[in-house]
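This is what each chain is made of:
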Amino acid sequence: MSDSVTGTEAAEEAAAVEEGAAVEEAAAAEEAAAGEEGAADAGGDPTAPAPLEVPRTPTGNAEVDAALERLGDADHLTTDGHLQVYEDVHGRLRDALTALDARPGPPAPHLS
């Protein structure tokens, strides 16, 4: 076998490279169009709040699940509104953890 490339093989290889580049360009154009559609769905403002659509798996604890569901409220706020949501969720989760440490029944007597 020879390592030399014929003119026909070279032309075929160049055509394949051009076709690959065209496919990549088409994919990039589709991606850009999808991004523009998303911006149009958000009112045409690319800086508008957009949901992250992070899935939330139920934990089985109603208090924790409600706190995690509250995180979804941040999806519709600008970033300056996120702090209030995050602080609220943090407080709820802290209360749920504190409740785990509470002893059931009457409070323990205070030693003086």
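The sections below set out a description of the structure shown in this document. Values in this document were obtained by computation on a predicted structure and should not be read as measured data. (Residues numbered from 1 in each chain as written. Predicted model: local features only at pLDDT ≥ 70, side-chain atom pairs only at ≥ 80, totals over all residues. Heavy atoms only, no water.)

## A look at the environment of P51
Moving on, step 1. With respect to the element layout, P51 can be found in the loop between α1 (7-41) and α2 (62-70).
Moving on, step 2. The class of P51 is partly exposed, set by a relative accessible area of 40%.
Moving on, step 3. In this structure, P51 is in contact with D75 and H76, ignoring residues within four places of it in sequence. (Helix = DSSP H or I, 4+ residues; strand = E, 2+ residues; numbered from the N terminus. Buried < 20%, exposed > 50% of the residue type's maximum accessible area, 1.4 Å probe, protein only. Contact = heavy atoms within 4.5 Å.)

## Focus on the pattern of salt bridges
Moving on, step 1. Tallying each qualifying case throughout the model produces three salt bridges.
Moving on, step 2. Linking R70 and D88 is a salt bridge whose minimum nitrogen-to-oxygen distance equals 2.7 Å. Of this pair, R70 sits in helix α2 while D88 sits in helix α3 (residues 82-101), and the two are 18 residues apart along the sequence.
Moving on, step 3. On the accessibility criterion, D88 (26% relative accessible area) is partly exposed.
Moving on, step 4. Through salt bridges with shared partners, one network takes in R70, D73, D88 and R92. (Salt bridge = Lys/Arg side-chain N within 4 Å of Asp/Glu carboxyl O.)

## Observations concerning α3
Moving on, step 1. The end-to-end C-alpha distance of α3, which contains 20 residues, comes to 29 Å, matching closely the 28 Å that a straight helix rising 1.5 Å per residue would cover.
Moving on, step 2. Buried within α3 are the following residues: H82, V85, V89, G91 and A96. (Expected span 1.5 Å × (residues − 1).)

## Thoughts on α2
Moving on, step 1. Within the span of α2, buried status applies to V64, A67 and R70. All buried residues of α2 fall inside an arc of 120 degrees around its axis, so they share one side. Exposed and facing more than 90 degrees away from the buried side of α2 are A62 and E69.
Moving on, step 2. Where α2 starts, the residue carrying a side-chain oxygen 3.0 Å from the main-chain nitrogen of E63 turns out to be N61. (Arc of directions from axis to C-beta. Polar contact = N/O pair within 3.5 Å; in protein donor to acceptor, adjacent residues only side chain to side chain.)

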